Amino acid sequence: MPGNFRQMSQMFCLVTVLVIMAISPAWSAPEEDLITDLPYLTFTPTFRQYSGYLRALDGKMLHYWFIESENSPQSDPLVLWLNGGPGCSSLFGLLGENGPLRMVPERAVEKNPFGWTKVANMLYLEAPAGVGFSFSKSKDYSTNDDDTAINNFAALKDFFRKFPEYKDHDFYISGESYAGYYIPTLVSLIIDSPVFNLKGFFIGNSFSSATLNSDGKLYFIADHGLISQQLFTKLLDSCCPVKDTSNCSFSIRSAFSEKCRLTINEALRGLNNLDPYNIYAETTTQSENSCDPMLNLQNQLYLAGNKNRTIKVPTCELYGDSLSDYLNLPEVRRALHIPQEVKTWVQCAETLVTSTSEHRNRQEEGCPYFAKALFIMGFRAVRSNALFRSEDDTALNLDKTSQRFSTPGYVLTLDHSNSE
């Protein structure tokens with residue numbers, strides 16, 4: 001009888017352990033990455049969050065911050081968030097946009113009542129290596145958009161190795177700005193090798209074509225009365241001899257016409273005292289070298305002429321120093337499991353080096369990547385399913401991109417040869 005009782009007790013313990021394993025949504029999660037005490041929180045989180053590193057390729061280590069859904073982590077979708085730049089950290093998205101945490105002055109972190117974790121498990125990835133806390137063991141930070149996609153793909157595989165319980169969840173990829181390149185190129189890899197349960201993607205204020213974005217910006221500022229009608233007429237006279245008032249390729253003409261380039265610069269100077277991401281925000285004082293990574297990149301690639309040279313993406317603290325001050329506190333870095341040897345965190349990386357020729361080629365191919373992803377995944381209306389925008393953003397307007405995708409047959413024509 002004692003032996004039977006002992007066997008029954010052992011069986012009961014085994015069943016109890018199995019039940020706990022079955023109902024615990026984070027049982028397989030890496031406990032070494034669990035954030036247990038994030039400094040300066042003004043509330044007690046009801047969700048689990050993790051911070052650590054995902055292995056990419058060639059010694060690249062990409063920092064991630066993963067936050068479980070506040071609703072139902074076991075069944076809610078998984079959403080990857082990527083900020084743009086190129087070279088800007090996704091931790092701004094977490095702590096300044098759609099995460100459950102929000103930075104406020106004096107190092108406090110409060111609850112964001114509108115965080116996407118209300119309905120989703122959110123994964124924030126700092127990419128490529130050299131951005132935020134992500135690093136390369138070889139110290140090689142040369143990159144391009146294809147390389148970024150390949151390494152993000154590898155990092156995602158490592159995420160599902162660490163968190164296998166999320167592999168079958170509905171998976172979405174989202175982001176903003178230069179993620180208009182990061183996301184379609186990554187989606188294209190996933191489509192070609194469908195190892196994830198990818199359901200869709202969505203991008204806010206997408207940068208998906210340098211030419212379209214540059215041209216659309218000039219139409220945007222004219223439509224919003226930020227330059228005079230006389231100056232806009234001068235732009236058309238200088239850059240569009242055929243007087244095509246609705247479809248002028250300002251950026252292409254500027255590479256061959258000094259008069260066109262100077263007139264474009266004259267029009268853009270009127271934006272120096274405006275927030276490029278919110279023209280209705282309180283007026284600020286900015287220098288000629290506006291802290292606007294997209295504008296700086298476009299100026300270097302197009303307005304300065306077609307010179308194939310190496311550039312550095314500018315360092316920008318678009319929203320002050322509070323975010324970088326907080327993330328560089330020793331106690332915060334320890335809470336996030338950041339090694340001591342990892343560099344100081346900045347919002348947009350100055351160590352990210354790329355080639356203008358590589359960027360130009362990829363930027364002109366951004367729309368076909370969109371088309372491939374949309375066509376194969378079965379999307380029919382780009383604006384309602386993949387792209388969303390604000391009406392007050394000069395840096396990343398969607399006027400021309402929307403016009404391109406609304407062209408009848410555009411998506412189908414681009415992918416017709418691969419439609420099977």
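Worth saying up front: this structure is predicted, and the values here are computed from it rather than measured.

Here we take up the overall build of the protein chain. Per the secondary structure count, the protein chain includes 16 helices and twelve strands. A total of 420 residues make up the protein chain; the buried ones form 54% of that total. For the protein chain, the computed accessible surface area is about 19100 Å², with 53% contributed by carbon and sulfur atoms.

A word on the state of the cysteines. Tallying each qualifying case throughout the model produces three disulfides. Covalently, cysteine 239 is tied to cysteine 260 through a disulfide, its sulfur atoms 2.0 Å apart. A torsion of 105° about the S-S bond marks the disulfide between cysteine 239 and cysteine 260 as right-handed. Residue cysteine 239 is located in helix α6 (residues 229-239), and its partner cysteine 260 is located in helix α8 (residues 258-269); the two are separated by 21 residues in the primary sequence. The two residues cysteine 239 and cysteine 260 agree in class, both being buried.

A word on the environment of asparagine 83. Note that asparagine 83 resides in the loop between β3 (78-82) and α2 (91-96). A residue is classified by how much of its surface remains accessible, and asparagine 83, at 5% relative accessible area, is buried. Taking the C-alpha atoms as reference points, asparagine 83 and tyrosine 178, 95 residues apart in sequence, are found 7.2 Å from one another. Those residues in contact with asparagine 83, other than ones at most four positions away along the chain, are Cys88, Ser89, Ser90, Phe92, Gly93, Glu97, Glu176, Ala179 and Tyr182.

Attention now goes to the nonpolar core. By size, the foremost hydrophobic cluster in this structure holds 72 residues, and its most contacted members are Trp65, Ile173 and Leu327. Residue contributions to this core peak at eight residues, all from helix α4 (residues 179-192). Setting aside residues no more than four positions away along its own chain, leucine 327 makes contact with Trp65, Leu91, Leu95, Phe133, Val332, Arg333, Leu336 and Trp345. Judged by nonpolar contacts, the second largest core, of 21 residues, contains Ile221, Leu236, Ala267 and Ile279.

Here we take up the pattern of salt bridges. Applying the stated rule across the entire model yields seven salt bridges. Between lysine 162 and aspartate 33 there is a salt bridge; the shortest N-O distance is 2.8 Å. Separated by 129 residues along the polypeptide, lysine 162 in helix α3 (residues 145-162) and aspartate 33 in the loop between α1 (2-23) and β1 (49-55) bring together distant segments of the chain. An identical accessibility class is assigned to lysine 162 and aspartate 33; each is buried. The partner of glutamate 266 in a salt bridge is lysine 234, and the shortest N-O contact between them spans 2.9 Å. Placement of the pair is glutamate 266 in helix α8 and lysine 234 in helix α6, with a sequence separation of 32 residues. Glutamate 266 gets classed as partly exposed once you look at its relative accessible area, which sits at 31%. Through salt bridges with shared partners, a single ionic network connects Glu70, Lys111 and Lys118.

Here we take up the environment of tyrosine 219. Of note, tyrosine 219 is situated in helix α5 (residues 210-223). Along the backbone, tyrosine 219 and threonine 394 are 175 residues apart, and their C-alpha atoms lie at a distance of 9.9 Å.

Turning next to the packing of α3 against α4. For the pair α3 and α4, the least separation of the axes is 9 Å and the interaxial angle reads 60°. Judged by the inter-axis angle, α3 sits oblique to α4. You can see that α3 and α4 cross each other, and the crossing is right-handed. The segment α3 lies against α4, with Asp145, Thr148, Ala149, Ile150, Asn152, Phe153 and Leu156 engaging Tyr181, Tyr182, Thr185, Leu186, Leu189 and Ile190. In terms of residue class, the contact of α3 with α4 is built from nine nonpolar, three polar and one charged.

Let us look at α3. For α3, built from 18 residues, the straight-helix expectation of 26 Å at 1.5 Å per residue is met to within 8% by its first-to-last C-alpha distance of 26 Å. Within α3, 13 of the 18 residues are buried, which leaves the element mostly enclosed by the surrounding structure. Between a side-chain oxygen at the N-terminus of α3 and the backbone nitrogen of aspartate 146 the separation is 3.1 Å; the capping residue is asparagine 144.

What follows covers the packing of α5 against α8. Orientation of α5 relative to α8, taken along the N-to-C sense of each, is 50°, at an axis distance of 11 Å. With respect to each other, α5 and α8 are oriented oblique. Judged by the sense of rotation from one axis to the other, the crossing of α5 with α8 is left-handed. For the pair α5 and α8, contact is made by Lys217, Leu218 and Ile221 and by Ile264, Ala267 and Leu268, respectively. In terms of residue class, the contact of α5 with α8 is made up of five nonpolar, no polar and one charged.

On to the environment of phenylalanine 202, then. Within the secondary structure, phenylalanine 202 is located in strand β9 (residues 198-206). In this structure, the C-alpha to C-alpha distance between phenylalanine 202 and alanine 179, residues 23 residues apart in sequence, is 9.9 Å.

All right, on to the packing of aromatic side chains then. Evaluation of the coordinates by the stated rule reveals 24 aromatic pairs. On the basis of an interplanar angle of 80° and a centroid distance of 6.0 Å, the ring pair of phenylalanine 171 and phenylalanine 196 is categorised as edge-to-face. Linking phenylalanine 171 in strand β8 (residues 171-177) with phenylalanine 196 in the loop between α4 and β9, this pair joins segments that are 25 residues apart in sequence. Put simply, the rings of Tyr50, Tyr64, Phe66, Phe153, Phe159, Phe160, Phe163, Tyr166, Phe171 and Phe196 touch in pairs and so form one group of aromatic residues.

Let us now look at the pairing of strand β5 (residues 108-111). As paired strands, strand β4 (residues 101-104) and β5 are joined by four bridges and run antiparallel to one another. For arginine 102, the partnering residue across the bridge sits in β5 and is glutamate 110. Here β4 hands over to β5 after three residues, with glutamate 106 in that stretch at a positive phi of 65°.

Thresholds applied
- Residues numbered from 1 in each chain as written.
- Predicted model: local features only at pLDDT ≥ 70, side-chain atom pairs only at ≥ 80, totals over all residues.
- Heavy atoms only, no water.
- Helix = DSSP H or I, 4+ residues; strand = E, 2+ residues; numbered from the N terminus.
- Buried < 20%, exposed > 50% of the residue type's maximum accessible area, 1.4 Å probe, protein only.
- Areas by Shrake-Rupley, 256 points an atom, 1.4 Å probe, with all protein chains shown as cover.
- Disulfide = S-S within 2.5 Å.
- Contact = heavy atoms within 4.5 Å.
- Core = buried A, V, L, I, M, F, W, Y, C linked by side-chain atoms within 4.5 Å.
- Salt bridge = Lys/Arg side-chain N within 4 Å of Asp/Glu carboxyl O.
- Axes fitted to C-alpha atoms, helices over the stretch in contact; angles between N-to-C directions.
- Parallel < 35°, antiparallel > 145°, perpendicular 65-115°, else oblique.
- Left-handed = near helix turned anticlockwise from the far one by under 90°.
- Nonpolar A, V, L, I, M, F, W, Y, C, P; charged D, E, K, R; others polar.
- Expected span 1.5 Å × (residues − 1).
- Polar contact = N/O pair within 3.5 Å; in protein donor to acceptor, adjacent residues only side chain to side chain.
- Phe/Tyr/Trp six-rings, centres within 6.5 Å; stacked < 30°, edge-to-face > 60°.
- Pairing = 2+ DSSP bridges.

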